[in-house]
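Chain by chain, the residues run as shown.
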Amino acid sequence: MTETGKYKPATLMAQGLGWVDGGTGAVTTPVHPSTTFEHGSDFTYQRYGGPGHAQPEALLAALEGGAAARLFASGMAAATAVFLALEPGDHVIAPEVMYWALRKWLVESPERRGLEVSLVPNGDMDALRAALRPGKTRMVWVETPANPLWSITDIAETAAAAHEAGALLGIDSTVQTPVLTRPLELGADIVMHSASKYLNGHSDVLGGALITARDDDFWARVDMVRRENGAVLGAFEAWLLLRGLRTLALRVRAASANALAIAEHFHGHPKVAQVLYPGLPTHPGHEIAGRQMTGGFGGMLSLRVAGGEDAAIQVAAGTTLFKQATSLGGVESLIEHRAGSEGPSSPTPRDLLRLSVGIEDAGDLVSDLEAALEN
Ligand SMILES: *Cc1c(COP(=O)(O)O)cnc(C)c1O
């Protein structure tokens, strides 16, 4: 299957682009752990990328509608490669609420990396326009829906504003996945995923991915950061990731349907102060999310527990099916008291529980939460 434009994403995913191993005819291509390759072949050294990277990278580029993709050792390695590819002194804009570890990396001594960083309220276009410095701002970073309030940012509008000021737009698309949103089509320049989450989907690979709209000088710099920092995905992980990608569409749709069922059930529940989920019409980002997400609103939601922080901690400890653990995007459901995990400087509300909804039976998941809330 070479003409990726001819087929729908579900077909590309199920077949992993339909590549077959040339030597054996195997329909699942082999793991290539060799670190080095004979001169004159297509590969040189595994740190520069090996044969096991080519197929999942081509698949991700096709799913996002990009020119090229690169796999990294983690989502953090992928995201930081984007910022490390900038010039010293460049100004970047990121949202106030975003994946905690990346926010920490950006705001704690950015000058060490030669960057100037401004944070703006998520989705606030006026604040973004005020923060943009034409000619100086090189990168606008957006996470949507954003951890852990699931606030929504309008990608097309942000792209227009960023481009007018001469900046690139990077999207952390981990939560929406290419199944629900294709940011490059909405004007973004680069898409980042923590492949540890939905792309792999089985909580057994740590990985990251970047997909670019154009194979240009900036992309060459990003690739150079991966080579020089040695932040490449391992050969076995690349193989597992490809296996996970084959069921991505099914998993994301099932998790989205379950998350919506849970959100609707607990909206207005006496023990729940607020359900944060972009699929609810009461969510401030619902209308924009409806425009830029197709086929669902994702598997992530948060509950603010009416009894406050202590009650929230008790609920998280009281579930049976929802395992109390960090991370997201696996087939199994997880629950986490985020403020506790993020530490004392966290801006996350203390009564908030973050739910990564898996693909179990929706009724079982609702009953599990009901029982924990009753205790
Ligand atoms: C997990 C995550 C990351 C970081 O990815 P790692 O693979 O853990 O390094 C970045 N952004 C979002 C939204 C995430 O959920």
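Residues numbered from 1 in each chain as written. Predicted model: local features only at pLDDT ≥ 70, side-chain atom pairs only at ≥ 80, totals over all residues. Heavy atoms only, no water.

**Student:** What is the right way to look at the pattern of salt bridges in this model?
**Tutor:** Oppositely charged side chains may form a pair once their charged atoms are brought near each other. One pass over the structure, following the stated rule, counts 22 salt bridges. Note that Glu 157 is salt-bridged to Arg 129, the shortest N-O span being 3.4 Å. Here the residue Glu 157 occupies a position in helix α6 (residues 155-164), and Arg 129 occupies one in helix α5 (residues 125-131), the gap between them amounting to 28 residues. Relative accessible area serves as the criterion here: at 42%, Arg 129 is assigned to the partly exposed category. One salt bridge in this structure joins Asp 351 and Arg 304, with 2.9 Å as the shortest N-O distance. Highlighted residues: Asp 351 in the loop between α13 (338-342) and β12 (352-356) and Arg 304 in strand β9 (residues 300-305), separated in sequence by 47 residues. A relative accessible area of 14% places Asp 351 in the buried class. Shared partners join several salt bridges into a network, and the residues in it are Glu 57, Arg 70, Asp 223, Arg 226 and Arg 227. (Salt bridge = Lys/Arg side-chain N within 4 Å of Asp/Glu carboxyl O. Helix = DSSP H or I, 4+ residues; strand = E, 2+ residues; numbered from the N terminus. Buried < 20%, exposed > 50% of the residue type's maximum accessible area, 1.4 Å probe, protein only.)

**Student:** When you look at empty space enclosed by the protein in this model, what are you seeing that I'm missing?
**Tutor:** Here the idea is plain: a probe the size of a water molecule rolls over the atoms and shows the empty space left. All chains considered together, the criterion is met by three cavities of 30 Å³ or more. Taken as a whole, the largest cavity spans an internal volume of roughly 100 Å³. Val 120, Gly 123, Leu 128, Val 142 and Thr 153 are the residues nearest the centre of the largest cavity, which is lined by 15 residues in total. Of all the secondary-structure elements, those providing two or more residues to the lining of the largest cavity are β2 (91-95), α5 and β4 (137-143). Counted by class, the lining of the largest cavity contains ten nonpolar, four polar and one charged residues. In this structure, the second largest cavity spans a volume of roughly 60 Å³. Surrounding the second largest cavity, Leu 168, Asp 189, Ile 190, Thr 212, Arg 214, Asp 216, Phe 218 and Trp 219 form its lining. (1 Å grid on protein atoms, 1.4 Å probe; cavity = no way out; pocket = protein on both sides within 12 Å on 5 of 7 lines; lining within 4 Å. Points joined across faces, edges and corners; volume = space filled by probe spheres on them. Nonpolar A, V, L, I, M, F, W, Y, C, P; charged D, E, K, R; others polar.)

**Student:** Looking at this structure, how should I read the sheet that holds strand β8 (residues 272-276)?
**Tutor:** Each strand in a sheet pairs with another by means of backbone hydrogen bonds, the pair being arranged parallel or else antiparallel. In spatial order, the strands read β8-β9-β12-β11-β10; together these five strands make up an open sheet with mixed pairing. Lying at the two open borders of the sheet, with one neighbouring strand each, are β8 and β10 (323-324). By the bridge criterion, four bridges tie strand β11 (residues 334-337) to β12 in an arrangement that is antiparallel. Opposite Leu 334, over in β12, you have Ser 356 as the bridge partner. (Pairing = 2+ DSSP bridges.)

**Student:** Would you mind showing me how to read the pairing of strand β3 (residues 116-120) here?
**Tutor:** Two faces, one strand: in a regular strand the side chains alternate between the faces of the sheet. Relative to β3, β2 is paired through five bridges, and the arrangement is parallel. Residue Ile 93 lies in a different strand from β3, and its bridge partner there is Ser 118. The β-α-β motif built from β2, the intervening helix α4 (residues 100-107) and the parallel element β3 has right-handed crossover chirality. (Right-handed = clockwise from strand over helix to strand, strands pointing away.)

**Student:** Help me understand the packing of aromatic side chains, please; the structure alone is not making it clear to me.
**Tutor:** For any pair of aromatic rings, the description consists of the separation of the ring centres together with the inter-plane angle of the planes. The final tally for this structure, using the stated rule, is four aromatic pairs. Here Tyr 45 and Tyr 48 contribute two aromatic rings whose centre-to-centre distance is 6.1 Å and whose plane-to-plane angle is 80°, an arrangement assigned as edge-to-face. On the basis of relative accessible area, Tyr 45 is assigned to the partly exposed category, the value being 38%. Between Phe 83 and Trp 105 the ring centres are 6.2 Å apart and the planes differ by 45°, which places this aromatic pair in the tilted class. In this pair, Phe 83 is assigned in helix α3 (residues 75-84) and Trp 105 in helix α4, connecting sequence segments 22 residues apart. A relative accessible area of 1% means that Phe 83 is categorised as buried. Clustering of aromatic rings is evident, with ring pairs tying together Phe 83, Trp 105 and Trp 141. The ring centre of Trp 105 lies 3.9 Å from the NZ or CZ of Arg 113, which sits over that ring. One cation-aromatic arrangement involves Arg 227 over Tyr 48; the distance from NZ or CZ to the ring centre is 4.4 Å. (Phe/Tyr/Trp six-rings, centres within 6.5 Å; stacked < 30°, edge-to-face > 60°. Lys NZ or Arg CZ within 6 Å of the ring centre and 35° of its normal.)

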